[in-house]
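What the coordinates show
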Amino acid sequence: MRHLLDILDLTTEEIGQLINTACDIIDDPDKYAEKCRRRKLATLFFEPSTRTRLSFEAAMYELGGSVLGFSSSSSSSTSKGESVSDTIKVVSCYADIIAMRHPKEGAPMVASMVSGVPIINAGDGGHNHPTQTLADLLTIYREKGSFENLTVGLCGDLKFGRTVHSLINAMSRYSGVKFVLISPEELKLPDYVTNNVLVKNNIEFEETTDLLEAMPKLDILYMTRVQRERFFNEQDYIRLKDSYILTPDKLEGAKKDLCIMHPLPRVNEISVAVDNDPRACYFKQVLNGKYMRMALILKLLEVE
Ligand code: NCD
């Protein structure tokens, strides 16, 4: 039985296969409409979500399956003191596959140790978010045609932004990829990612606080929200929240084929005036996320 806890649980070949399946679903959705008939997905969200939970649910419905679950820990027995392990043992009796989001780093790993069915990490604290990375990868593939030789700018909260950590892990495996890490000093990429992924694998990267100066080099600009819920105090959040706001004038020096991404939800990081720019890809990312989650469910359920 396979789980998806970390994006590196999938080989690059497997990521390529998921992208092929997702592209085939886009071309011929009817072929997939009954693939998960009589199968059930449980979405256990101990933390808020719009896109991730609803896209998992839409993905399962489009495969002909059904969905059960909860969207906040307050509406589950967690509020009575039930442990993650017990909740998972119980839900394994009802569902064929589980997508879970939890505020604690490592909770999906604990779940996988007791679960009778595949576990998908739909975000664990400030750690990882592998299915957002699948959405990001399909977007990059459809916009750029390949993953190689791209300069990827990551901007905003690189410390707590779990989508950033997973994307760096995934993109580091393709040749010629360079990273420009743009953040305030306090929200720099954690050392465990810088050292264990970038330095260890000899990946070219630079750290800067200056988005404008970095702009002309970038093929991808991945904006992120400052993760308010992970801050220890509100003053620091207020001081840092508007560190970077992407507006049309800041794109003057950017490449004509820049791909602007954001995992969403956005707060202030991208002005709505950028939405009409043909380089804005963040709403395409949302749709790509559904296709990749469909492909992932098929793979983990071993559906032909
Ligand atoms: C992200 C997350 O939950 O980490 N959202 C998402 O799943 N698309 C990003 C965020 O909350 O800022």
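Because the structure is predicted, anything quoted here is derived from the model rather than measured.

Moving on: helix α3 (residues 84-91). Each α-helix turn comprises 3.6 residues. Residues three or four places apart therefore point the same way. Considered for burial, the residues of α3 that qualify are Val84, Thr87, Ile88 and Val91. What you see down the axis of α3 is that its buried residues fit within an arc of 95°, all on one side. Against the buried residues of α3 lie β1 (40-45), β2 (66-70), β3 (97-102), α4 (107-114) and β4 (119-124).

Below, the discussion takes up the packing of helix α5 (residues 130-144) against helix α6 (residues 162-171). Running from amino to carboxyl end, α5 crosses α6 at an angle of 55°, the nearest separation of the two axes being 9 Å. One way to sum up the angle between α5 and α6 is to call them oblique. Seen from above, α5 lies across α6 with right-handed handedness. For the pair α5 and α6, contact is made by Pro130, Gln132, Thr133, Asp136, Leu137 and Ile140 and by Thr163, Ser166, Leu167, Ala170 and Met171, respectively. Grouping the amino acids of the contact of α5 with α6 by side-chain chemistry returns six nonpolar, four polar and one charged.

Next up on the list: the sheet that holds β1. Pairing is parallel in the open sheet, where four strands are placed in the order β2-β1-β3-β4. Strand pairing shows two members of the sheet lacking a second neighbour, β2 and β4, which therefore form its edges. Strand-to-strand, the axes of this sheet are offset by a mean angle of 15°, without reference to chain direction. Looking at chain direction, β1 and β3 are connected through five bridges and run parallel. In the sheet register, Thr43 faces β3, and the bridge partner there is Ala99. Against the sheet, helix α2 (residues 51-62) engages β1, β2, β3 and β4, with an angle of about 175° to β1.

In this section: the domain arrangement of the protein chain. Frequently, the measure chosen for interface size is the accessible area removed from exposure when the parts meet. Each domain of the protein chain was delimited in the assignment, giving domain 1 (7-129 + 289-300) and domain 2 (130-285). Roughly 2,400 Å² of surface becomes buried between domain 1 and domain 2 when both sides are summed, with 62% attributable to carbon and sulfur atoms. Considering only the side of domain 1, the residues that lose the most area to domain 2 are Ile7, Arg51 and His129, jointly responsible for 28% of the buried surface there. Taking the shortest distance from any N to any O, the salt bridge between Glu47 and Arg230 comes out at 2.9 Å. At the surface where domain 1 touches domain 2, the tally comes to 14 residue pairs in polar contact (both at pLDDT 80 or more). When residues of the side of domain 1 that touches domain 2 are traced back to their parent elements, those giving at least two are α1 (12-27), α2, β3, β4 and α10 (282-300). Here the side of domain 1 that touches domain 2 gets seven residues from one element, more than from any other, and that element is α1.

This brings us to the site of the ligand. The ligand sits among Arg51, Thr52, Arg101, His129, Gln132, Arg162, Thr163, Arg225, Gln227, Pro263, Leu264 and Pro265. Between Arg101 and the ligand, the recorded distance is 3.1 Å, taken from a side-chain N or O atom to an oxygen atom. His129 has a polar side-chain atom sitting 2.7 Å from an oxygen atom of the ligand. If you count residues domain by domain, the shell around the ligand takes at least three from each of domain 1 (7-129 + 289-300) and domain 2 (130-285).

Turning to the pattern of salt bridges, a few remarks are in order. In this structure the tally under the stated criterion is 21 salt bridges. Residue Glu206 is joined to Lys217 by a salt bridge in which the shortest nitrogen-to-oxygen separation is 3.0 Å. Separated by eleven residues along the polypeptide, Glu206 in strand β7 (residues 205-208) and Lys217 in the loop between α8 (211-214) and β8 (220-223) bring together distant segments of the chain. Judged by its relative accessible area of 29%, Glu206 falls in the partly exposed class. With a relative accessible area of 31%, Lys217 lands in the partly exposed category. If you follow the salt bridges from partner to partner, you end up with Arg2, Glu14 and Lys299 in one network.

Rules behind the numbers
Residues numbered from 1 in each chain as written. Predicted model: local features only at pLDDT ≥ 70, side-chain atom pairs only at ≥ 80, totals over all residues. Heavy atoms only, no water. Buried < 20%, exposed > 50% of the residue type's maximum accessible area, 1.4 Å probe, protein only. Helix = DSSP H or I, 4+ residues; strand = E, 2+ residues; numbered from the N terminus. Arc of directions from axis to C-beta. Contact = heavy atoms within 4.5 Å. Axes fitted to C-alpha atoms, helices over the stretch in contact; angles between N-to-C directions. Parallel < 35°, antiparallel > 145°, perpendicular 65-115°, else oblique. Left-handed = near helix turned anticlockwise from the far one by under 90°. Nonpolar A, V, L, I, M, F, W, Y, C, P; charged D, E, K, R; others polar. Pairing = 2+ DSSP bridges. Domains from an automatic or database assignment. Buried area = accessible area lost by both parts, 1.4 Å probe. Salt bridge = Lys/Arg side-chain N within 4 Å of Asp/Glu carboxyl O. Polar contact = N/O pair within 3.5 Å; in protein donor to acceptor, adjacent residues only side chain to side chain. Near = heavy atom within 4 Å.

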